[in-house]
Amino acid sequence: MNTAGEKVKLSVRGLAVSYSAASALRSLDLDIVAGEILSIIGPSNSGKTSFLRSLNRMNELHPHARTSGTILLDGVDIVREISAESLRKRIGMIFAMPVPLPLSIRDNITYGPRMAGVRDTRTLDALVEESLQAAYLWDEVKDRLDMSGQKISGGQQQRLCIARTLALKPDVILYDEPCSGLDPLSTAKVEESMLELRKSHTLVLVTNNTKQAARVGTRTAFFLMGEMVEIGPTEKIFTAPADKRTEDYIVGRFG
Amino acid sequence: MKREDKRQNIGFGALLAATLLVVIPVLAIVVLIVAKGWGALSWEFLFSMPRDGMRAGGIFPAIVGTIYLVFISLIFALPIGVMAAIYLSEYAKDNALTRVINLAIINLAGVSSVVFGLFGLSLFVVFLKFGVSIISGALTLGIMTLPVIITTTREALRSVPASYREVSFSLGASRWQTVRHAVLPRALSGILTGAILSVGRVAGETAPILFTVAAFYLPNLPTGLSDQAMALPYHLYVITTQIPGIPESFRYGTALVLIGFVLVMNIIATVIRSKAGKKR
Amino acid sequence: MKLPSRRLREFLIEKLIFLSGIASVVFVVLIFIFLLREGVSVLKTTSLGSFLGGHFWYPISTPAKLGILPLILGSLMVTAGAIAIAVPLGIAAAFYIAEVAPKRLRTVLKSCVEVLAAIPSVVLGFLGITVLVPFLKSVFNLPTGLTAFSGSIMLAFMALPTIITISEDAINAVPREYKEGALALGATHWQTLFRVVIHGALPGIIAAAMLGIGRVFGETMAVMMVTGNAAVIPQSLFEPVRTLTATIAAEMGEAAKGSAHYFALFAVGIVLFVISFAINLTADILLNRGKKK
């Protein structure tokens, strides 16, 4: 619980990330509340992606990345108390470019559960339908689940990737600029699914598109040069930011 | 400007001449062997035992011996080579150990083939007491072919997009699961290419088998791994330099079978590679 | 119950992968150890100086004379001849294939080079004996065609694929801007190649030549079949010579195990191993430096 009495899903304390000599993120403290959509905005190299990738320990895959500080998921230390694999099942991630694996639509969705040891075909089939429904893709692909996941349109691919993440039944979903390559219609569908998912998940959205942050975020944080300048309710950030730099970024003076 | 153009024409002409000097003999070699060896090919030549001190009959035992050597060396070298490539491409960090491994691979590829023969003699034949046998020869050939398998497999693994690995990790897969399910299936054709190329290479090698397996002449086919065996390249060496009075067509016939096998393997590898290239 | 067994399986597989990863190192070390194990005994009968510098190789006389200088010089002579032919030819062909040839022709030429690389050495040796040797004998009016020169021609062909493919890679790796810059300044394509491209590709081309030398120096069968195998200090390219590799291949079959001759042949193997190690190391350093730029 935080001071406002909300349930804290992710608690970040003193998080710092660096690559070789370059520092990407300096000592960040932040609580992410259960059931919110936290939008993170900021120019490139502001540390927002490094932050996102620390939350599911994807940073560790970078050969020169060094991470320090603590992150608690429901009070559990994500580095010391659970394995990276089980963490990533609870914190799903959507990438900027949709990357369906070179498998069928069905196998793309069941990939995570199968790796976790789920074998039963009926369970897997149910998961496929449920996840595709939640990602607003079921009606478009239900008759061709055995088609390659790489042969559908870009917008459909991104929703397939969302469905694939949902099949893990995660608590938290991280979005890394999920609509940067999509047309407005597909973007609207992705955003619609985010608002729906918010009812049962905690969402963290990194975006270069400030309008998108304004449309979906319950709260918005502004990152600049490895530091969090400001965080607050989305409406406040966009109408009355406390910091001059936030205002400059939002009105488009840099970035 | 005119003079420069003239100079360019002369220069390019010289380059072309050099290239032709390389390429024409290659074509001549292939044409010569096919033309002179074709007549020797017959059912009897391919599938019967040699007679009259190898001046008549066929080369069947040499073909069988080479097939044995190729497959047993591959059974040994393919798993080790593929796993070594997986280690280098998917697991190894950029550190001193990795540099030492890469240096070792380069050296393994560069060591003289007759030195491999000595090594096989000393380690497998003498020290491990395998004797002059198929297993000694196949292991020697297997070690010699490791660099081919490792480098082609590593290239194949590296051509798999990094994003597949990221996605697999992000879905909670472990490193081995990622390699097994997201990376390896995409690299199969490249691995196959490497295996086939190494088969061609192994089939044609003579020096490594001289003291480890090769027999001048055997009246029977080998029955087990501890038997000696005849082999095509050694047979060609023997009938070319050691036995006078062998019909020339026999020599060309043997050379044709050997080169035919090696070239067919290379063509298959090229076809697989270009098919895989198109898919991407 | 399922998870621990999966963990265990992965643990074992990853251990196996690591062991395979270091297998190449193990094999290189093993090769060295097992050559040394047998070869070092040569020092019981001969000093290092008279082994490397001795003028006579009479391994089966009593007492055996085990001086490998004629063999070293034989190898050097054949290699030098081969390199003199193969390096200019190979670099020229690499330039033609990489820069001049139209696309279709390039594919054909490259497959020809691949075919050449694939031809087993014993087949080239066979053709050397049956075609090249009689031809050289009659053209140069020699007492025998089995000479260092025949060996050099054979070996040049065996080194060409290595030299051509690695040089070609080096030429292709030269940044396109260099070339375009030169062309934009009004240089002809030819001038661009020989003033700009060759500069950028030089480390790779030198490495290609070194690896070609390594290939030639270690080549066994073809050279044994066409050089006449006379273990005397060579006086000219047109006399029979005997190389280090051919000596091992030809004599190991007859050397009695445990004899001074047997040990000496392993010692020759050590010499070959050390030389190829040095050549490959140098080439690798050159190639890596070329890449870093």
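Residues numbered from 1 in each chain as written. Chains lettered and ligands numbered in written order. Predicted model: local features only at pLDDT ≥ 70, side-chain atom pairs only at ≥ 80, totals over all residues. Heavy atoms only, no water.

**Student:** For this particular structure, what's the right way to read the overall build of chain B?
**Tutor:** Broken down by element type, chain B carries ten helices and two strands. For chain B, the α and β elements follow one another from N to C terminus as α-α-β-β-α-α-α-α-α-α-α-α. Each of the three principal axes of chain B carries a C-alpha extent, and together these read 70 × 70 × 35 Å. Counting across all 280 residues of chain B, residues that qualify as buried make up 59%. Across chain B, every contact between residues at least 6 apart in sequence was considered, and the portion connecting residues at least 24 apart equals 73%. When the 23 positive and 11 negative side-chain charges of chain B are each reduced to one mean point, those points stand 5 Å apart. (Helix = DSSP H or I, 4+ residues; strand = E, 2+ residues; numbered from the N terminus. Buried < 20%, exposed > 50% of the residue type's maximum accessible area, 1.4 Å probe, protein only. Contact = heavy atoms within 4.5 Å. Lys, Arg positive; Asp, Glu negative; His and termini not counted. Charge placed at Lys NZ, Arg CZ, Asp CG, Glu CD.)

**Student:** Can you walk me through the packing of helix 4 (residues 96-110) of chain B against helix 6 (residues 134-158) of chain B in this structure?
**Tutor:** Geometry of a packed helix pair, given as the angle between the helix axes and the separation of the axes. Residue and element names in this part refer to chain B. Interhelical geometry of helix 4 versus helix 6 gives an angle of 125° and a closest axis separation of 8 Å. Taken together, the axis directions place helix 4 and helix 6 in an arrangement best described as oblique. Crossing of helix 4 over helix 6 shows left-handed handedness. For the pair helix 4 and helix 6, the contacting residues are Asn102, Ile105, Leu108 and Ala109 in the first and Ile143, Pro147, Ile150, Thr151 and Arg154 in the second. Split into classes, the residues belonging to the contact of helix 4 with helix 6 amount to six nonpolar, two polar and one charged. (Axes fitted to C-alpha atoms, helices over the stretch in contact; angles between N-to-C directions. Parallel < 35°, antiparallel > 145°, perpendicular 65-115°, else oblique. Left-handed = near helix turned anticlockwise from the far one by under 90°. Nonpolar A, V, L, I, M, F, W, Y, C, P; charged D, E, K, R; others polar.)

**Student:** Looking at this structure, how should I read the environment of Leu30 of chain A?
**Tutor:** Residue and element names in this part refer to chain A. By the secondary structure assignment, Leu30 is in strand 2 (residues 22-33). Note on Leu30: relative accessible area 4%, which makes it buried. Residues Leu30 and Arg114, spaced 84 residues apart in sequence, show a C-alpha to C-alpha distance of 34 Å.

**Student:** Quick question: what am I supposed to make of helix 1 (residues 48-55) of chain A here?
**Tutor:** Residue pairs spaced three or four apart in an α-helix point in one direction, given the helix's 3.6 residues per turn. All names here are of chain A. Within helix 1, seven of the eight residues are buried, which leaves the element mostly enclosed by the surrounding structure. All of the buried residues along helix 1 are Lys48, Ser50, Phe51, Leu52, Arg53, Ser54 and Leu55. In the segment just after helix 1, Arg57 is the residue with positive phi, at about 60°.

**Student:** Would you explain the nonpolar core in this entry?
**Tutor:** Proteins that are soluble and globular tend to have nonpolar side chains buried together. Counting residues in hydrophobic clusters, the biggest one holds 225 residues, and the most contacted among them are Phe51 and Leu55 of chain A, Ile33 of chain B together with Ile68 and Leu244 of chain C. With residues up to four places along the chain from it excluded, the contact list for Ile33 of chain B reads Trp38, Tyr252, Ala255, Leu256 and Ile259 of chain B together with Val123 and Leu127 of chain C. Core analysis: the second largest hydrophobic core is formed by 29 residues, Ile37, Ala135, Leu137 and Leu197 of chain A among them. (Core = buried A, V, L, I, M, F, W, Y, C linked by side-chain atoms within 4.5 Å.)

**Student:** How should I be thinking about the layout of surface pockets in this particular structure?
**Tutor:** A probe as big as a water molecule, rolled over the atoms, marks out the empty space that is left. Approximately 1100 Å³ is the volume attributed to the second largest pocket. Along the wall of the second largest pocket there are 41 residues; nearest its centre are Asn59, Glu60, Leu61, His62 and Pro63 of chain A. For the lining of the second largest pocket, the secondary-structure elements that each account for two or more residues are strand 2 and helix 1 of chain A together with helix 3 (60-91), helix 6, helix 7 (162-170) and helix 8 (175-204) of chain B. Tallied by class, residues from the lining of the second largest pocket come to 13 nonpolar, 15 polar and 13 charged. (1 Å grid on protein atoms, 1.4 Å probe; cavity = no way out; pocket = protein on both sides within 12 Å on 5 of 7 lines; lining within 4 Å. Points joined across faces, edges and corners; volume = space filled by probe spheres on them.)

**Student:** Which parts of the structure should I look at to understand the domain arrangement of chain C?
**Tutor:** It is common to give the size of an interface as the accessible area that goes away when the parts come together. Residues and elements named next belong to chain C. The domain boundaries assigned to chain C delineate domain 1 (2-39) and domain 2 (70-292). Taking only C-alpha atoms, the centre of domain 1 and the centre of domain 2 are 34 Å apart. Between domain 1 and domain 2, the contact holds eight residues from the first and eight residues from the second. Between domain 1 and domain 2, roughly 720 Å² of surface is buried when both sides are summed, and carbon and sulfur atoms account for 82% of that area. Across the contact surface, domain 1 and domain 2 share zero salt bridges. The interface formed by domain 1 and domain 2 includes zero residue pairs in polar contact (both at pLDDT 80 or more). Looking at the side of domain 1 that touches domain 2 residue by residue, the classes come out as six nonpolar, one polar and one charged. (Domains from an automatic or database assignment. Buried area = accessible area lost by both parts, 1.4 Å probe. Salt bridge = Lys/Arg side-chain N within 4 Å of Asp/Glu carboxyl O. Polar contact = N/O pair within 3.5 Å; in protein donor to acceptor, adjacent residues only side chain to side chain.)

**Student:** When you look at the interface of chain B and chain C in this model, what are you seeing that I'm missing?
**Tutor:** In this assembly, 79 residues from chain B lie in contact with 75 residues from chain C. A buried area of about 6600 Å², summed over both sides, lies between chain B and chain C, and 81% of it is on carbon and sulfur atoms. Sorting the residues of chain B by area buried against chain C places Leu15, Val22 and Leu118 of chain B first, and these three jointly supply 9% of that buried surface. Summed over the shared surface of chain B and chain C, the number is one salt bridge. Among the salt bridges present, the one from Glu114 of chain C reaches Arg273 of chain B, with a minimum N-O distance of 3.8 Å. At the junction of chain B with chain C, the criterion picks out seven residue pairs in polar contact (both at pLDDT 80 or more). Every element with two or more residues in the side of chain B that touches chain C is listed here: helix 1 (2-38), helix 3, helix 4, helix 5 (113-127), helix 6, helix 8, helix 9 (232-241) and helix 10 (248-279) of chain B. In terms of residue count, helix 1 of chain B provides more of the side of chain B that touches chain C than any other element does, 20 residues in total. Residues of the side of chain B that touches chain C, tallied by class, amount to 56 nonpolar, 16 polar and seven charged.

**Student:** Please clarify how the sheet that holds strand 5 (residues 76-77) of chain A should be interpreted in this entry.
**Tutor:** Two strands in a sheet stick together by hydrogen bonds in their backbones, pointing the same way (parallel) or opposite ways (antiparallel). All names here are of chain A. Taking strand neighbours across the sheet as the criterion, the four strands line up as 2-1-4-5 in an open arrangement whose pairing is antiparallel. The open sheet has two edge strands, strand 2 and strand 5, and neither has a second partner. With two bridges connecting them, strand 4 (residues 65-73) and strand 5 associate as antiparallel partners. Within strand 5, the residue paired with Leu73 across the bridge is Val76. (Pairing = 2+ DSSP bridges.)

**Student:** Would you take a moment to explain empty space enclosed by the protein for this structure?
**Tutor:** One pass over the full model with this rule turns up four cavities of 30 Å³ or more. In this structure, the largest cavity encloses a volume near 60 Å³. Contributing to the lining of the largest cavity are Met93, Ile94, Phe95, Met97, Val99, Gln158, Cys161, Arg164 and Thr165 of chain A together with Val167, Ser170 and Leu171 of chain B. For the lining of the largest cavity, the secondary-structure elements that each account for two or more residues are strand 6 (91-94) and helix 6 (154-166) of chain A together with helix 7 of chain B. Considering each element in turn, the lining of the largest cavity owes the most residues, four residues, to helix 6 of chain A. Of the residues that constitute the lining of the largest cavity, the class distribution is eight nonpolar, three polar and one charged.

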